[in-house]
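So you can see what is in the structure, the chains are spelled out below.
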Amino acid sequence: MEKMLKNRKYHILTFGCQMNEHDSEIISGMLEERGAEAVDNKYADIIILNTCSVRENADKRFFGTLGHLKKRKQLNKNFVICVCGCMMQQQHIIDTLKQKYPWVDVIFGTHNIHQFPDILQRVISEKQKMTEVWEEAGEIIENLPAKRLHKHKSFVNIMYGCNNFCTYCIVPYTRGRERSRDANEIIREAEDLAKDGVKEITLLGQNVNSYKSENSDFAGLIYRLNEVDGIERIRFMTSHPKDLSDRLIKAFVDCSKLCKSIHLPVQSGSDEILKRMNRKYTKENYLELVSKIKATVPDVAISTDIIVGFPGETDRDFEETLDLCRQVQYDSAFTFIYSVRKGTPAEKYENQIPEEEKHRRFNMLVDVLNESSALKNQEYVGRTEKVLVDGPSKTRKSVLTGRTNSFKLVNFEGDESLIGQIINVEIISATTFSLKGRIV
Ligand code: 5AD
Ligand code: SF4
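Every value quoted in this text rests on a predicted model; they were computed, and no experiment measured them.

Right, let's get into the overall build of the chain. Counting secondary structure elements, the chain contains 12 helices and 21 strands. Compactness check: the chain gives a C-alpha radius of gyration of 22 Å against a globular reference of 22 Å for 440 residues, within 12% of the reference. Once the C-alpha set of the chain is aligned to its principal axes, its extents read approximately 60 × 55 × 45 Å. Taking all contacts inside the chain whose residues are at least 6 apart in sequence as the whole, residues at least 24 apart take part in 74%. By element, 49% of the accessible surface of the chain is carried by carbon and sulfur atoms, the whole surface being about 20,500 Å². Here the chain contributes 64 positive and 63 negative side-chain charges, whose respective centroids are spaced 5 Å apart.

Okay, here's the thing in structure tokens:
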């Protein structure tokens, strides 16, 4: 590989989900393969904004950041501004960029990130601007290099896109139709990662439960990955409740490496709202599924995503959501205030909920969820847990952080040489969002 980007300094700002984080790791991998070097934002001469379009505040942050970058471009003629990610798959965004942000140099999309280094080289050598966004996905490109954030853990994409068209969600439009990677390719990647020292892999897909390749369904893939030497923990996200199979629940019992935590977005507890969200399950279906999982996998940690203030959500609908949360007793949850997304069916729905009311419901929901998170964490006090050590805590260097098998965050005193190891930690106290422990 010719080092065409030698001496170039880049920085990536990533917005949004793990899928985007992993795309950024691939962009880094490709740039460094050509000699570019990762630096802090202020030293960069190439800046890449990897955008998210799931909610409106992400759009606002993106345009705000671009506004600030204009100055840097004026001061440094060699400064290159690149934008990519989900927002670029929407024509109205590209139109806005061209009209109002002409200082952007490179625009590329989610389906053609593999082309980025070539596009960038052309933009630099020909001193021009380029927009290259594919409307639809092409063949899955294998073997792109990725620069991992951690040595001991890694994301592994198993599928791309989504076919579910939940009526509030932009993802099916920005990430395209579902397509799964070949199971053999995934196994090969896991084996390579294990050889490189990776102990934990997180399988990524918008709905991993509908993973399907020629020779495997999702549960089948887990059984195969469980046999890969060196990999000690397997996680996955995200799981649509309508497609979660009994075979997968059984895999939690049969596959010792499959971690006992599951992210199962419910979105709402009201049947009426679930129907208008096009979620294809009822509150009762969901609760039955949770009971089945809890009965088969004792100590499983369950987390979720919930949207408040979907159009037409009444107080009674919202009460159903609170009731569901009280019944499930989630370990943790991501809560979202409904945000209108251009081009989605729900954009046209009547009875959009006033901002104030959305915030009121949001706060009530968070209170209920925090209560169960605190209780669930309290159950860990006195236990000894296997913890994969991630690194020093952000606030205090002598404190390490890691994750239990069930993905609980644990803080404890320890030496940095333990990073990447799985060690025994006794849990001595708990708060709503984390555990405190002591190395055994
Ligand atoms: N408004 C608010 N939250 C949303 N999500 C997806 N689309 C929207 C939207 N338009 C939430 C869902 C999803 C999570 C990733 O983001 O809860 O599970
Ligand atoms: Fe969006 Fe629904 Fe697909 Fe998740 S399953 S990405 S919420 S459309």
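Here we have six strands laid out as an open sheet, ordered 2-1-3-4-5-6, and parallel in their pairing. The open sheet terminates on both sides in strands that have one partner only, identified here as strand 2 (37-38) and strand 6 (130-132). Sheet topology note: the strand 4 (residues 80-85)/strand 5 (residues 106-108) ladder contains two bridges and is parallel. Directly across from V83, in strand 5, lies its bridge partner I107. Together, strand 1 (9-14), strand 3 (46-51) and strand 4 form the strand contacts of helix 2 (residues 56-75), whose direction differs from that of strand 3 by roughly 170°. Taken strand by strand, helix 3 (residues 91-100) contacts strand 4, strand 5 and strand 6, and its axis lies near 175° from that of strand 5.

We now examine unusual backbone geometry. Going from M237 to T238, the amide bond is cis rather than trans, its omega being 5°. Positionally, T238 belongs in the loop between strand 13 (233-237) and helix 8 (246-254). Positioned with a positive phi, N143 is a non-glycine residue whose angle comes to about 65°. Considering the arrangement of structural elements, one finds N143 in the loop between strand 6 and strand 7 (153-157). At K280, a position not held by glycine, the phi torsion is positive, near 70°. Positionally, K280 belongs in the loop between helix 9 (271-276) and helix 10 (283-296).

Turning our attention to the domain arrangement of the chain. Taken domain by domain, the chain comprises domain 1 (9-132), domain 2 (153-377) and domain 3 (384-439). Taking the mean C-alpha position of each, domain 1 and domain 2 sit 29 Å from one another. Approximately 1,700 Å² of surface area, both sides summed, lies buried where domain 1 meets domain 2, with 57% of it carried by carbon and sulfur atoms. Connecting domain 1 to domain 2 are two salt bridges. Those elements that provide at least two residues to the side of domain 1 that touches domain 2 are helix 1 (18-33) and helix 2.

Taken together, V54, R55, Y168, Q267, D305, I307, F336, I337, Y338, S339 and R341 form the complete shell of residues around ligand 1. Between Q267 and ligand 1, the recorded distance is 2.6 Å, taken from a side-chain N or O atom to an oxygen atom. Taking S339, its main chain carries an N or O atom lying 2.8 Å from a nitrogen atom of ligand 1. For ligand 1, whose unbound accessible area comes to 400 Å², protein coverage reaches 85%. At the level of elements, strand 15 (301-308) and strand 16 (332-337) are the ones that each hand at least two residues to the shell around ligand 1.

The three strands lie next to each other as 14-15-16, forming an open sheet whose pairing is parallel. In the strand order of this sheet, the two ends are held by strand 14 (261-263) and strand 16, each with one partner. Sheet twist, expressed as the mean angle between neighbouring strand axes with direction ignored, is 10°. Here strand 14 pairs with strand 15 via three bridges, running parallel. Opposite S261, over in strand 15, you have A301 as the bridge partner.

Looking at the secondary structure, you find C52 in the loop between strand 3 and helix 2. Distance in space between the C-alpha atoms of C52 and P265 is 19 Å, their sequence separation being 213 residues.

This brings us to the packing of aromatic side chains. Evaluated as defined, the whole model comprises 11 aromatic pairs. Between F236 and F252 the ring centres are 6.1 Å apart and the planes differ by 50°, which places this aromatic pair in the tilted class. Separated by 16 residues along the polypeptide, F236 in strand 13 and F252 in helix 8 bring together distant segments of the chain. When the ring of F310 is compared with that of Y349, the centres are 5.9 Å apart and the planes differ by 90°; the resulting orientation is edge-to-face. Pair noted here: F310 is in the loop between strand 15 and helix 11 (315-328) and Y349 is in the loop between strand 16 and helix 12 (355-378), with a separation of 39 residues, a long-range link. With relative accessibility at 24%, the residue Y349 sits in the partly exposed group. Positioned above the aromatic ring of Y380, the side-chain terminus of R383 is 4.4 Å from the ring centre. Directly above the aromatic system of F407 lies the positively charged group of R403, at a separation of 4.1 Å from the ring centroid.

The rules behind these values
Residues numbered from 1 in each chain as written. Chains lettered and ligands numbered in written order. Predicted model: local features only at pLDDT ≥ 70, side-chain atom pairs only at ≥ 80, totals over all residues. Heavy atoms only, no water. Helix = DSSP H or I, 4+ residues; strand = E, 2+ residues; numbered from the N terminus. Rg over C-alpha atoms; globule rule 2.2 N^0.38 Å. Contact = heavy atoms within 4.5 Å. Areas by Shrake-Rupley, 256 points an atom, 1.4 Å probe, with all protein chains shown as cover. Lys, Arg positive; Asp, Glu negative; His and termini not counted. Charge placed at Lys NZ, Arg CZ, Asp CG, Glu CD. Pairing = 2+ DSSP bridges. Axes fitted to C-alpha atoms, helices over the stretch in contact; angles between N-to-C directions. Domains from an automatic or database assignment. Buried area = accessible area lost by both parts, 1.4 Å probe. Salt bridge = Lys/Arg side-chain N within 4 Å of Asp/Glu carboxyl O. Near = heavy atom within 4 Å. Polar contact = N/O pair within 3.5 Å; in protein donor to acceptor, adjacent residues only side chain to side chain. Phe/Tyr/Trp six-rings, centres within 6.5 Å; stacked < 30°, edge-to-face > 60°. Buried < 20%, exposed > 50% of the residue type's maximum accessible area, 1.4 Å probe, protein only. Lys NZ or Arg CZ within 6 Å of the ring centre and 35° of its normal.

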